[in-house]
Amino acid sequence: MRADNSSTICVCRSGRWELGIAIGFLVPPVLVPNIEDRDKLAYHISIMFYIIGGVATLLLILVIIVFKEKPKYPPSRAQSLSYALASPDASYLSSISRLFKNLNFVLLVITYGLNAGAFYALSTLLNRMVIRHYPGEEVNAGRIGLTIVIAGMLGAVLSGIWLDRSKTYKETTLVVYIMTLVGMLVYTFTLNLGHLWVVFITAGTMGFFMTGYLPLGFEFAVELTYPESEGISSGLLNISAQVFGIIFTISQGQIIDNYGTKPGNIFLCLFLALGTALTAFIKADLRRQKANKETPENKLQEEEEESNTSKVPTAVSEDHL
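Criteria and thresholds
Residues numbered from 1 in each chain as written. Predicted model: local features only at pLDDT ≥ 70, side-chain atom pairs only at ≥ 80, totals over all residues. Heavy atoms only, no water. Helix = DSSP H or I, 4+ residues; strand = E, 2+ residues; numbered from the N terminus. Buried < 20%, exposed > 50% of the residue type's maximum accessible area, 1.4 Å probe, protein only. Contact = heavy atoms within 4.5 Å. Areas by Shrake-Rupley, 256 points an atom, 1.4 Å probe, with all protein chains shown as cover. pLDDT = per-residue confidence, 0-100. Salt bridge = Lys/Arg side-chain N within 4 Å of Asp/Glu carboxyl O. Polar contact = N/O pair within 3.5 Å; in protein donor to acceptor, adjacent residues only side chain to side chain. UniProt positions renumbered as here; feature names shortened; annotations may be inferred. Core = buried A, V, L, I, M, F, W, Y, C linked by side-chain atoms within 4.5 Å. Axes fitted to C-alpha atoms, helices over the stretch in contact; angles between N-to-C directions. Parallel < 35°, antiparallel > 145°, perpendicular 65-115°, else oblique. Left-handed = near helix turned anticlockwise from the far one by under 90°. Nonpolar A, V, L, I, M, F, W, Y, C, P; charged D, E, K, R; others polar. Phe/Tyr/Trp six-rings, centres within 6.5 Å; stacked < 30°, edge-to-face > 60°.

Engineer: Just to check I follow, could you spell out the overall build of the protein chain for this structure?
Structural biologist: Helix and strand counts for the protein chain come out as 12 helices and zero strands. Each helix and strand of the protein chain, placed in order from N terminus to C terminus, yields the pattern α-α-α-α-α-α-α-α-α-α-α-α. For the protein chain, with 321 residues in total, the buried portion stands at 41%. In the protein chain, the share of contacts with a sequence separation of at least 24, taken over all contacts with a separation of at least 6, comes to 82%. Approximately 17,800 Å² of the protein chain is accessible, and the part contributed by carbon and sulfur atoms is 66%.

Here's what the structure looks like:
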C-alpha cells in the first residue's frame with residue numbers, strides 16, 4: 001500500500017479542470033471575433049459550439065471506456081479503512097444528515113462557496129470589466145483570464161506539495177484565503193489605472209491564491225468528514241460554489257451596470273473578508289490523518305513502549321533491594 005499522497009492527487013485532478021477553464025478563456029475570443037454582422041457572428045458561434053460538442057462527446061466516450069469505479073488497491077490505509085467501514089445499507093440522505101451535523105464542515109461549505117462563487121462571478125464578468133476600461137481588448141481579456149487560471153494551477157500544485165509535507169490543512173487554507181482577499185483588493189484598485197500590463201500582474205497574483213484555494217477546500221473537507229464518502233462532501237462543496245456563484249454573478253453584474261467595476265469588486269471583497277473570518281473558526285479535526293497513523297506497526301510500538309514503561313519501576317525496585 002502506498003503512502004498517503006492524496007493532497008497532490010486531488011490538486012492534480014483539480015488542475016485538469018482548471019486547464020479546461022483556461023482554454024475557455026483563451027479560445028472563444030479567438031473563434032468569435034467582435035464583429036457587427038450578425039450572420040457572420042452566428043456562424044462563428046456555431047463553429048465554436050460544434051467544437052465544444054465534439055470535445056464533450058469524445059470525453060464521454062473516454063469516460064465510458066477507460067474510467068473505473070475505484071482503483072484495484074486502496075491508495076492509503078485511510079482509504080482501505082473507509083472501504084471497510086462503508087455500510088451497504090447506508091443511505092445518501094443519512095450521510096448528508098451526518099455531514100450537516102459536523103459544524104467544521106458546515107463552516108467549510110460556506111467559506112468554500114464564498115471563495116469559489118467569487119471566482120465564478122469574476123470569471124464570468126471579467127470580459128465586461130476589462131472592456132469597460134480597455135475598449136477593444138477582447139482578446140487580452142481572455143488572456144487575462146488565462147493568466148488567472150494558469151497562476152492558480154501553479155498555486156494549487158505548490159499548495160498540494162506543501163500539504164503533503166506539513167499536513168497543516170487549516171493554516172494553509174487560512175493563509176491562502178487571506179492572500180486571496182489581499183489579491184482581490186489590489187486587483188480592484190488597480191484595474192482602472194490605464195495600464196493593461198498591471199492588470200495582468202495583479203490578476204495573476206489574485207488567481208494564484210483564489211484558484212489555488214479550490215483544491216485545498218476539497219482536501220480539507222475530506223479530512224473533516226472521514227470516513228464519509230468523498231463524493232458526497234465534494235458534491236456539497238460544488239453545490240455551495242454554484243449557488244454563491246449564481247448569486248454573486250447576478251448581483252455583481254447589476255452593481256457594475258449601475259455603479260461601475262470598483263463597487264462591484266468591493267462587493268466580492270466584503271464576502272471574501274467574511275469567508276476569511278469564518279475560516280479562522282474551523283477546527284483542524286484531521287480524521288483521515290489520524291486513521292493513517294493508526295497502523296499495526298504504530299500500535300505495536302506503542303504497546304511495547306507502554307510495556308517497557310510499566311516495567312521500569314519494578315526493575316529499579318529490585319536493584320535497590
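Structure shown, so let's carry the discussion forward.
Engineer: Can you help me understand the confidence of the model for the protein chain in this one?
Structural biologist: In regions of low pLDDT, the predicted coordinates are not meant to be interpreted in detail. When pLDDT is averaged across the protein chain, the result is 79; 76% of the residues are at 70 or more. When pLDDT is averaged over each helix and strand of the protein chain, the minimum, 48, is found for helix α12 (residues 296–320) and the maximum, 94, for helix α10 (residues 261–280).

Engineer: Got a minute to help me understand the pattern of salt bridges in this structure?
Structural biologist: A side chain with one charge may pair with a side chain of the opposite charge, provided their charged atoms come close. Enumeration over the complete set of coordinates arrives at one salt bridge. For arginine 128, the salt bridge identified is with aspartate 257, shortest N-O distance 3.2 Å. Separated by 129 residues along the polypeptide, arginine 128 in helix α5 (residues 103–133) and aspartate 257 in helix α9 (residues 230–259) bring together distant segments of the chain. The class for arginine 128 is partly exposed, based on a relative accessible area of 36%. Exposure remark for aspartate 257: the relative accessible area of 46% places this residue in the partly exposed category.

Engineer: Before we go on, may I ask you to explain the environment of arginine 128 in this structure?
Structural biologist: Separated by 125 residues in the primary sequence, arginine 128 and glycine 253 place their C-alpha atoms 9.0 Å from one another. Residue contacts for arginine 128: discarding those within four places in its chain leaves Gly253, Ile256 and Asp257. Engagement of the side chain of arginine 128 in a polar contact is seen with the backbone oxygen of glycine 253, the distance being 3.5 Å.

Engineer: Looking at this structure, how should I read unusual backbone geometry?
Structural biologist: Across residues other than glycine, the phi torsion is negative in most instances, and most of the peptide bonds are trans. The phi dihedral of lysine 167 is positive, around 60 degrees, even though this residue is not glycine. Tracing the backbone through its elements, the reader meets lysine 167 in the loop between α6 (138–166) and α7 (169–190).

Engineer: Sorry, what's going on with the environment of asparagine 265 here?
Structural biologist: Within the secondary structure layout, asparagine 265 lies in helix α10. With relative accessibility at 0%, the residue asparagine 265 sits in the buried group. Remark: the alpha-carbon pair of asparagine 265 and leucine 122, spanning 143 residues in sequence, is separated by 8.3 Å. Those residues in contact with asparagine 265, other than ones at most four positions away along the chain, are Leu122, Met129, Met184, Tyr187, Thr188, Leu191 and Gln252.

Engineer: I would appreciate a short explanation of the UniProt feature "transmembrane region" (unreviewed entry) in the protein chain in the present structure.
Structural biologist: The UniProt feature table records "transmembrane region" (unreviewed entry) at residues 41–67, 103–122, 142–162, 174–190, 196–214, 235–253 and 265–284. As a span, residues 41–67 carries 96% helix and 0% strand, and end to end its C-alpha atoms are 38 Å apart. The distance separating the terminal C-alpha atoms of residues 196–214 is 27 Å; by composition the span is 100% helix and 0% strand.

Engineer: Even after reading the chapter, I still don't get the nonpolar core, so can you show me in this structure?
Structural biologist: For soluble globular proteins, the rule of thumb is that nonpolar side chains tend to be buried together. Among the nonpolar cores identified, the biggest contains 57 residues, and Tyr112, Ile144, Met184, Tyr187 and Met210 are the most heavily contacted of them. Elements represented by at least two residues in this core include exactly α4 (92–100), α5, α6, α7, α8 (196–225), α9 and α10. It is α5 that provides the largest number of residues to this core, a total of 16 residues. Each residue touching isoleucine 144, except ones within four places of it in the same chain, is listed here: Leu126, Val130, Leu196, Val199, Phe200 and Ala203.

Engineer: Is there a simple way to explain the packing of α5 against α10 in this structure?
Structural biologist: Each pair of packed helices can be summarised by the angle the axes make with each other and by the distance between the axes. With their axes 10 Å apart at the nearest point, α5 and α10 run at an angle of 165 degrees to one another. Viewed along their axes, α5 and α10 adopt a mutual orientation that is roughly antiparallel. As α5 runs across α10, the sense of the crossing is left-handed. Of the residues in α10, those touching α5 at Leu107, Ile110, Thr111, Leu114, Asn115, Ala118, Ala121, Leu122, Met129, Arg132 and His133 are Thr261, Asn265, Leu268, Phe271, Leu272, Leu274, Gly275, Leu278 and Thr279. A breakdown of the residues in the contact of α5 with α10 according to their chemical character gives 12 nonpolar, seven polar and one charged.

Engineer: Whenever I open this one, the packing of aromatic side chains confuses me. Can you help?
Structural biologist: The geometry of an aromatic ring pair is captured by two quantities: the separation of the ring centres and the angle between the planes. The final tally for this structure, using the stated rule, is 10 aromatic pairs. When the ring of tyrosine 177 is compared with that of tyrosine 213, the centres are 5.0 Å apart and the planes differ by 70 degrees; the resulting orientation is edge-to-face. Remark: tyrosine 213 occurs in helix α8 and tyrosine 177 occurs in helix α7; sequence separation between them is 36 residues. Assigned by exposure class, tyrosine 177 and tyrosine 213 land together as buried. An aromatic cluster of at least three residues, connected via ring pairs, comprises Tyr112, Tyr177, Tyr213 and Phe218.

Engineer: How should the side chain of threonine 202 be read in this particular structure?
Structural biologist: In this fold, threonine 202 is placed in helix α8. At 3.2 Å, the side chain of threonine 202 and the backbone oxygen of valine 199 are in polar contact. Once residues lying within four places of it in the same chain are set aside, the contact partners of threonine 202 are Val186, Tyr187 and Thr190.

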